[in-house]
Every structure is written in structure tokens, then in C-alpha cells.
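Listed below are the residues making up each chain.
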Amino acid sequence: MKKVTTPIASEELANLNVGDKILISGEIYTGRDAALPQLVELIKENDVPFDLNGIAIMHTAVSDAGIAPTTSNKEEIEGTIPFLSENGVKIHIGKGSLSDETKEALYKNGSIFVITPPVAALLTSNVLEKECVLFENEGIEAMFRLKVENIPGIVAVANKKSI
């Protein structure tokens, strides 16, 4: 297992390969169907209240029941990945396959896609703190900042290769 801490520098990502098992610690932001398109609009308006450089975004909702990844290739989510990568997001965490176009955008922007098990109890036990940072009106689909320790994942897209 390789340990990764966020925010992460592009140089550190260059050492990760498809198939690597990783443990992510630090901060992870959450977003899915409702939040990610709104985040894109805030970026376009230069109105994001936190630094996007080197962050990880997990495609999940946050509730008292826990966190678990949603399918990343839903149009509302996958459609944001190229733009978010271009604007500093380095790790996208979810499940499912991505289109060739999205993979190319990840390669171009030095970002990666990590799949993680959809096991809420496992993932939630690694969340140390949570705070709603954007779109509170979206309820569990609001954007949260999570302080995490050892979120497990497998690198699925990196360095011009994919599973």
C-alpha cells in the first residue's frame, strides 16, 4: 500500500501507477450530481472559497449513514471531471468506468481516478471530521470537506494508462 496525503503535488502523482493500492489521508472534498456542476459554475465565476490545487474529490453524498462512492460516469459527474482537473483537482474518487475522452483529460492535466469500495461502514470509519463548505441547500448532496485517514483505493486511471 502506498500512502497519499492531500493536497497532493503533481510530482507525487507521477509515482502512482494503475493498479496501485493506496491509502488517502488529509482532506477530501465530496460532490456528486447536484454539487459538481454548481462547483464548475463557481470556478468560472472565480468564486470558490477554497483552494482547488492538489485536492481530491470523492463522488459521494454525506449523511449520518456514512459515505460511499456513487457511479462516476453519470453525465452530471463525469461531465465535470475534465474541467475540475484542468482547474487543480488531482484525485477523483468514485466507482465505474470513464469514457476515453475523460481519461484523456485526466492524462493531460496530470490527474488520476481512484476507485474505492462502496462499503459505507469501512469508509465512514476513516472520516475524522466533516464540514459543509458549499451548497448546504442540497442536503446530503452538498459539498463537504472531510478530514480523513487511510481511505482505501485502487488507482484506475493514471499516467496515460487505465484499468
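This text goes with the structure placed above it.
What comes next is a walk through the structure. (Residues numbered from 1 in each chain as written. Predicted model: local features only at pLDDT ≥ 70, side-chain atom pairs only at ≥ 80, totals over all residues. Heavy atoms only, no water.)

Counting secondary structure elements, the chain contains 6 helices and 8 strands. Reading the chain from its N terminus to its C terminus gives the helix and strand order β-α-β-α-β-α-α-β-α-β-α-β-β-β. Taking 163 residues into account, the globule formula puts the C-alpha radius of gyration at 15 Å, and the chain, at 14 Å, falls close to it. Judged by the C-alpha coordinates and their principal axes, the chain covers about 40 × 35 × 25 Å. In the chain, which comprises 163 residues, the share counted as buried stands at 50%. Within the chain, counting contacts between residues at least 6 apart in sequence, those at least 24 apart form 65% of the total. Accessible surface for the chain amounts to roughly 7600 Å². Of this, 48% is attributable to carbon and sulfur atoms. (Helix = DSSP H or I, 4+ residues; strand = E, 2+ residues; numbered from the N terminus. Rg over C-alpha atoms; globule rule 2.2 N^0.38 Å. Buried < 20%, exposed > 50% of the residue type's maximum accessible area, 1.4 Å probe, protein only. Contact = heavy atoms within 4.5 Å. Areas by Shrake-Rupley, 256 points an atom, 1.4 Å probe, with all protein chains shown as cover.)

To continue, consider the packing of aromatic side chains. Enumeration according to the criterion identifies 1 aromatic pair in this entry. Ring geometry for Y29 versus F50: centroids 4.4 Å apart, planes at 15°, classification stacked. Within this pair, whereas Y29 is found in strand β2 (residues 21-30), its partner F50 is found in the loop between α2 (35-44) and β3 (56-58), the two being separated by 21 residues in sequence. Accessibility expressed as a relative area gives 3% for Y29, which makes it buried. Taking the ring centre of F83 as reference, the NZ or CZ of K44 above it sits at 5.6 Å. (Phe/Tyr/Trp six-rings, centres within 6.5 Å; stacked < 30°, edge-to-face > 60°. Lys NZ or Arg CZ within 6 Å of the ring centre and 35° of its normal.)

Because each turn of an α-helix spans 3.6 residues, side chains separated by three or four positions end up pointing in the same direction. Those residues of helix α5 (residues 100-109) that sit buried are T102, K103, A105, L106, Y107 and N109. The secondary structure elements touched by the buried residues of α5 are α3 (75-78), α4 (81-86), β4 (91-94), β5 (112-115), β7 (143-158) and β8 (161-162). In the segment just after α5, G110 is the residue with positive phi, at about 65°.

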